[in-house]
Amino acid sequence: MVRTLHLAWVVLFLVSIRVTVPTTTGAPASCPVDRSHLVPRFGGRWFLIGANVPWLNGGFGADFGTVEEWNQHTYDASATRAMFRNLRQQGANTVRWWLFADGRGAPEFDADSGGAVTGLDQNFLPGLANAIQIASEEQIYLVFNLWSFDMLFADSTPFDRGEHAGGHRDLIVDSARRASFINNALIPVLRYPVGASGYTIGAHPNVLAWDIFNEPEFGIDEPPHFAPAHGVAQPVTLAQMQRFIAEISGAIHRNSNQLTTVGSASMKWNSTGAPGASGNFWSDAALTVYDPQGYLDFYQIHYYGWMNGDERFWSYSPLFNDWYEAGFDKPVVVGETPANAGGTNRTPARLLTDIHANCYAGVWVWPYFNLNDSTGQWSDAQSAVRALADAVPDEVQIVRSSFPVRVYLPLTIR
């Protein structure tokens, strides 16, 4: 959106903080020449574009784990290859794929209600490694989301959402339980070998990043900034969520060479400049007090039509607030937005083009498979993705010009 500015000093100020000289091919003139607004990897900086996969074949939380009471494990190598190939043919380079979600399928717990993490079932690691191997072959990069605010729903039953769905507040608030997840699930994942590639999961180049928590703000109960989402029966405080995210991010940084991010529900909670925003609750200053390596490598905000606001007193839209105006100090990927652009007052092509022009670092449409809601699916966005990828190939076609290899031996838990 274009704002009319009448004061000359405001214009001069805006010009002073922007780069206006010609940039590299495909980059808008107002974005940094050095591409510091894009995600750093392999000695370059990239615009990440692709889709969300909350599930592969209809098994929420069961793509890699197993919901034992239903004997549900939905990972399928052929479907994975077909999905990756389709994405790549349309210009996509990344997938945001959910792993634990609400806990119903993985990891394994020592109690029926809540409990400490004891490990992973026999399907989880082989399936995950297989998906990574296929991603390598199909030239797709993966961002794995670990947890969602659904983990703070009321504890479920085997006949409802699954015995271990929800009820996991203790993983966030209890230090011993947090350590059980890190030591018995997260680190074993990072140290698991990927076939004969010579890489572990935590060192594999096609694992781009780890998204520690999906929309954590919806699991926080701390007025006036936060209110739990409907269904969240076990909310936490902001400090408790920040500590959890920081300790997970720190563990990833210490045990892999990959990036970390958090799927913030809106720039409302991740911005210091958007009108009406509450602030950046995932900044280095907010997280590294809990773990010196608990910082995020790039931010991630979600965007749906309700965030448009009145565009005067409040708006959390990346179409109205560009990267500069929102006050971001790191690259920012729009991690969820409707595949059909519903509610955004844009076509899918215009939505993606405007996000890119506003100096954001990428966009993952929601979702790949139809979830029977109003957001559409990948087929609604694929031509728009193809057009943008063709327009800025130097930003989208990830090149591994340099990549440090760090191979970790498999971990034996005693």
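The paragraphs below set out a description of the structure included in this document. (Residues numbered from 1 in each chain as written. Predicted model: local features only at pLDDT ≥ 70, side-chain atom pairs only at ≥ 80, totals over all residues. Heavy atoms only, no water.)

So, the side chain of serine 156
1) Next: Mapped onto the elements of the fold, serine 156 is located in the loop between strand S7 (141-148) and helix H4 (169-173).
2) Next: Using a relative accessible area of 9% as the deciding quantity, one classes serine 156 as buried.
3) Next: Within polar-contact distance, the side chain of serine 156 engages the backbone nitrogen of arginine 161 at 2.9 Å.
4) Next: Setting aside residues up to four positions removed in sequence, serine 156 forms contacts with Arg161, Gly162, Glu163 and Ala165. (Helix = DSSP H or I, 4+ residues; strand = E, 2+ residues; numbered from the N terminus. Buried < 20%, exposed > 50% of the residue type's maximum accessible area, 1.4 Å probe, protein only. Polar contact = N/O pair within 3.5 Å; in protein donor to acceptor, adjacent residues only side chain to side chain. Contact = heavy atoms within 4.5 Å.)

Concerning the pattern of salt bridges
1) Next: The final tally for this structure, using the stated rule, is 16 salt bridges.
2) Next: The salt bridge involving arginine 81 is made with glutamate 138; its shortest N-O contact spans 2.9 Å. Placement of the pair is arginine 81 in helix H2 (residues 77-89) and glutamate 138 in helix H3 (residues 124-138), with a sequence separation of 57 residues.
3) Next: Judged by its relative accessible area of 27%, arginine 81 is partly exposed.
4) Next: For glutamate 138, a relative accessible area of 10% corresponds to the buried category.
5) Next: Across the salt bridge formed by arginine 386 and aspartate 390, the nearest N and O atoms sit 2.9 Å from each other. Taken as a pair, arginine 386 and aspartate 390 lie in helix H9 (residues 378-391) at a separation of four residues, close to a single helical turn.
6) Next: Through salt bridges with shared partners, a single network forms among Arg81, Arg85, Glu137 and Glu138. (Salt bridge = Lys/Arg side-chain N within 4 Å of Asp/Glu carboxyl O.)

A few points about the state of the cysteines
1) Next: Scanning the entire structure with this criterion turns up one disulfide.
2) Next: Covalent S-S linkage joins cysteine 31 and cysteine 359, the inter-sulfur distance amounting to 2.0 Å. Residues cysteine 31 and cysteine 359 are joined through a disulfide that is left-handed, its torsion about the S-S bond being -100 degrees. Within this pair, whereas cysteine 31 is found in the loop between helix H1 (8-16) and strand S1 (39-41), its partner cysteine 359 is found in the loop between helix H8 (348-357) and strand S14 (362-366), the two being separated by 328 residues in sequence.
3) Next: Judged by relative accessible area, cysteine 359 falls into the buried class, the value being 1%. (Disulfide = S-S within 2.5 Å.)

Quick look at the layout of surface pockets
1) Next: Its boundaries defined by the atoms lining it, the second largest pocket holds a volume of some 200 Å³.
2) Next: Taken together, Pro54, Trp55, Phe60, Trp98, Ser148, Phe149, Asp150, Asn214, Glu215, Glu336, Trp366 and Leu371 make up the lining of the second largest pocket.
3) Next: Its residues placed into classes, the lining of the second largest pocket shows seven nonpolar, two polar and three charged. (1 Å grid on protein atoms, 1.4 Å probe; cavity = no way out; pocket = protein on both sides within 12 Å on 5 of 7 lines; lining within 4 Å. Points joined across faces, edges and corners; volume = space filled by probe spheres on them. Nonpolar A, V, L, I, M, F, W, Y, C, P; charged D, E, K, R; others polar.)

Topic: the side chain of serine 315
1) Next: Tracing the sequence through the fold places serine 315 in the loop between strand S12 (299-302) and strand S13 (332-338).
2) Next: A distance of 2.7 Å separates the side chain of serine 315 from the backbone oxygen of asparagine 308, its partner in a polar contact.
3) Next: Within polar-contact distance, the side chain of serine 315 engages the backbone nitrogen of serine 317 at 3.5 Å.
4) Next: Setting aside anything within four residues of it in sequence, one finds serine 315 in contact with Ala274, Pro275, Met307, Asn308, Gly309, Phe320 and Asn321.

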